[in-house]
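Listed below, chain by chain, are the residues.
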Amino acid sequence: MSALPRAVDLGLIACTTCGLVCRNVPGHPQLDGDGIDDAMACPRCGSTLRRRKPDSYARTWALLIAAFLMYIPANVLPIMRTASLNDIDDNTIISGVVELWVKGSPDLAVIVFTASIVVPMLKFLALGTLLVTARRGSSWALVQRARLYRLVELIGYWSMLDVFVVALLTALVRFSVLSLVEPLPGVIFFGLTVVLTMLASMSFDPRLIWDGKDTDD
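Residues numbered from 1 in each chain as written. Predicted model: local features only at pLDDT ≥ 70, side-chain atom pairs only at ≥ 80, totals over all residues. Heavy atoms only, no water.

Student: Help me understand the packing of helix α2 (residues 93–102) against helix α3 (residues 106–135) in this model?
Tutor: A pair of packed helices can be characterised by two numbers: the angle between their axes and the separation between those axes. Interaxial distance between α2 and α3 falls to 7 Å at its minimum, and their mutual angle equals 160°. Put simply, α2 runs roughly antiparallel to α3. Relative to α3, the crossing made by α2 is left-handed. Along the contact surface, α2 presents I93, I94, V97, L100 and W101, while α3 presents P106, L108, A109, V110, V112, F113, S116 and I117. (Axes fitted to C-alpha atoms, helices over the stretch in contact; angles between N-to-C directions. Helix = DSSP H or I, 4+ residues; strand = E, 2+ residues; numbered from the N terminus. Parallel < 35°, antiparallel > 145°, perpendicular 65-115°, else oblique. Left-handed = near helix turned anticlockwise from the far one by under 90°. Contact = heavy atoms within 4.5 Å.)

The structure is reproduced here in structure tokens:
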């Protein structure tokens, strides 16, 4: 069975602003890659219709690499200072997770570990996989890769949980053994990592997944 036709094969293009599906103007060639049909505008909202996001590969790679570079100091530099009656500790993400666990808050420790370590690493791996396979025109697991992209978009907003937890601890300070919680520069780098990975996922055009080699089932 032959592969189903794509929107570009049928002369259709969807507006990324309002979602309206429009037909290509007769006489305009089909655009591929990062092509933009400057002569076409959405009849509903007036936005320029793009078959693919401009420079999607380059933008996404640049943002992803920048996010990874920010992720290194985010893990090396301390993100939080905790002060008790007779002790002051500057904690990195990992040491902060350990301290939260030891001090009797395993639920917060799991949240911080998941949001700070698991989610960013999975996003790096997922976006890297999507970029490499789409660039190579791979027809491997098309549906699963499209779903993977939606998952990356979904979990991206939850990556800020680590920053929220530090802010919450700073504001409330309800640990029985703590008298002071202060955010440190590592939080800034982690926040930049989260923002850059979110921008990277927004820059990637999931339609590129379907531009691979056609296969017969």
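Student: So what exactly am I meant to see when it comes to the environment of R81 here?
Tutor: Within the element layout of this structure, R81 appears in strand β5 (residues 80–83). Taking the relative accessible area as the measure of exposure, R81 reaches 27% and is therefore partly exposed. C-alpha of R81 to C-alpha of G96: the two residues are 15 residues apart in sequence and 9.0 Å apart in space. Ignoring sequence-local partners within four residues, the contact set of R81 consists of I88, D89, D90, L180, V181, E182 and L184. (Buried < 20%, exposed > 50% of the residue type's maximum accessible area, 1.4 Å probe, protein only.)

Student: Would you mind showing me how to read the UniProt feature "transmembrane region" (unreviewed entry) in the chain here?
Tutor: In the numbering adopted here, UniProt assigns the feature "transmembrane region" (unreviewed entry) to residues 60–80, 108–133, 154–177 and 183–204. Split by type, residues 183–204 is 82% helix and 5% strand. Its first and last C-alpha atoms lie 32 Å apart. (UniProt positions renumbered as here; feature names shortened; annotations may be inferred.)

Student: What am I meant to see in α2 here?
Tutor: Given 3.6 residues to a turn, an α-helix orients residues that are three or four positions apart in the same direction. All buried positions along α2 are accounted for by I93, G96, V97, E99 and L100. Taken down its axis, α2 places every buried residue within 165° of arc, on the same side. When the buried face of α2 is taken as reference, the exposed residues oriented beyond 90 degrees from it are W101 and V102. Once α2 finishes, G104 follows within two positions and takes phi at roughly 95°, a positive value. (Arc of directions from axis to C-beta.)

Student: Any chance you could explain a nonpolar patch on the surface here in plain terms?
Tutor: Taken together, the side chains of W61, I65, F68, L69, I72, V76, L77 and V132 present a nonpolar region at the surface, about 690 Å² in accessible area. With 6 residues, helix α1 (residues 56–76) is the largest single contributor of residues to the nonpolar patch. Tracing the backbone through its elements, the reader meets L77 in the loop between α1 and β5. Take L77: its relative accessible area is 31%, and that puts it in the partly exposed class. (Patch = residues over 30% accessible without salt bridge, like charges linked within 9 Å, V, L, I, M, F, W, Y side chains within 5 Å. Areas by Shrake-Rupley, 256 points an atom, 1.4 Å probe, with all protein chains shown as cover. Salt bridge = Lys/Arg side-chain N within 4 Å of Asp/Glu carboxyl O.)

Student: Where do I start with the side chain of S203 in this structure?
Tutor: Examined against the element boundaries, S203 turns out to sit in helix α6 (residues 186–203). Residue S203 is classed as buried on the basis of its relative accessible area of 16%. Those residues in contact with S203 that lie beyond four places of it in its chain are K53, S56, R59, T60 and L63.

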